[in-house]
Amino acid sequence: MEGAKAQMGSLESSLLQIVQEHQQRSIWTREQTGLMLKVERKGVNCETSSVVIDNKAKKNALRTAMRVSELLVDTVNGGVEESFINEKRVELEIRALASTIMRYKKQTDQWLAASHALNTVIKEIGDFENWMKIMDFDCKSINAAIRNIHQM
């Protein structure tokens, strides 16, 4: 939002500068035209002078119009260029994040496989422990039965 305000501020200042330059050139052109009229009123043959002044005024107006269009294009292109650069930065960040996410996904899958293998081993240990208890109970039962038989 601040970038847009700053851009609008620079756009406004550029347009104000263009308007001021235009006003100054208009004043100068009026002054030149006024001089031409004074020369004509005095009765001096000023066809060549008016042609020269008209050509100067046309050239000056053309230069001013070109300058205005250049400033407007530069102002618009500045924002477009900045947007394009920001878009490229965002695309690079997206690619970097996508590769990081893929790396984390692979690592997570490895951790899941390792924890699954560990759970399987723990279950097998628990099964072995349970089997050992059953064998111990069976051995004690057989031992007690043999003693009972032997005592009889």
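Look up a bit, the structure's there.
I will try to describe carefully the structure that is included in this document. (Residues numbered from 1 in each chain as written. Predicted model: local features only at pLDDT ≥ 70, side-chain atom pairs only at ≥ 80, totals over all residues. Heavy atoms only, no water.)

Across its full length, the protein holds two helices and zero strands. Counting all 152 residues of the protein, 6% fall into the buried class. Counting every atom, the protein has about 13,300 Å² of accessible surface; 62% of that belongs to carbon and sulfur. (Helix = DSSP H or I, 4+ residues; strand = E, 2+ residues; numbered from the N terminus. Buried < 20%, exposed > 50% of the residue type's maximum accessible area, 1.4 Å probe, protein only. Areas by Shrake-Rupley, 256 points an atom, 1.4 Å probe, with all protein chains shown as cover.)

This paragraph deals with the packing of aromatic side chains. The relative placement of two aromatic rings is captured by the distance of their centres and the angle of their planes. Summed over all chains, the structure comprises one aromatic pair. In this structure, Arg103 is placed above the aromatic ring of Tyr104, and the distance from its NZ or CZ to the ring centre is 5.5 Å. (Phe/Tyr/Trp six-rings, centres within 6.5 Å; stacked < 30°, edge-to-face > 60°. Lys NZ or Arg CZ within 6 Å of the ring centre and 35° of its normal.)

What follows deals with the pattern of salt bridges. Throughout the structure, instances matching the rule amount to three salt bridges. For Lys105, the salt bridge goes to Asp109, with nearest N and O atoms at 3.3 Å. Taken as a pair, Lys105 and Asp109 lie in helix α2 (residues 47-151) at a separation of four residues, close to a single helical turn. The exposure class assigned to Lys105 is partly exposed, which follows from its relative accessible area of 46%. Its salt-bridge partner being Lys140, residue Asp136 comes within 3.4 Å of it at the nearest N-O pair. Note that Asp136 and Lys140 are positioned in helix α2 at a spacing of four residues, about one turn of the helix. (Salt bridge = Lys/Arg side-chain N within 4 Å of Asp/Glu carboxyl O.)

Checked against the element boundaries, Ala61 lands in helix α2. With 36 residues separating them along the chain, Ala61 and Arg25 place their C-alpha atoms 8.1 Å apart.

A contiguous nonpolar patch, built from Phe128, Trp131, Met132 and Met135 and spanning about 410 Å² of accessible area, is present on the exposed surface. Note that Met132 resides in helix α2. (Patch = residues over 30% accessible without salt bridge, like charges linked within 9 Å, V, L, I, M, F, W, Y side chains within 5 Å.)

Another aspect to go through is the side chain of Asn60. Considering the arrangement of structural elements, one finds Asn60 in helix α2. Not counting the four nearest positions on each side in its chain, Asn60 is found in contact with Arg25, Trp28 and Thr29. (Contact = heavy atoms within 4.5 Å.)

Before going further, it helps to examine the side chain of Thr64. Considering the arrangement of structural elements, one finds Thr64 in helix α2. Overall, the relative accessible area of 11% leaves Thr64 in the buried class. At 3.3 Å, the side chain of Thr64 and the side chain of Arg25 are in polar contact. The residues contacting Thr64, other than those within four sequence positions of it, are His22 and Arg25. (Polar contact = N/O pair within 3.5 Å; in protein donor to acceptor, adjacent residues only side chain to side chain.)

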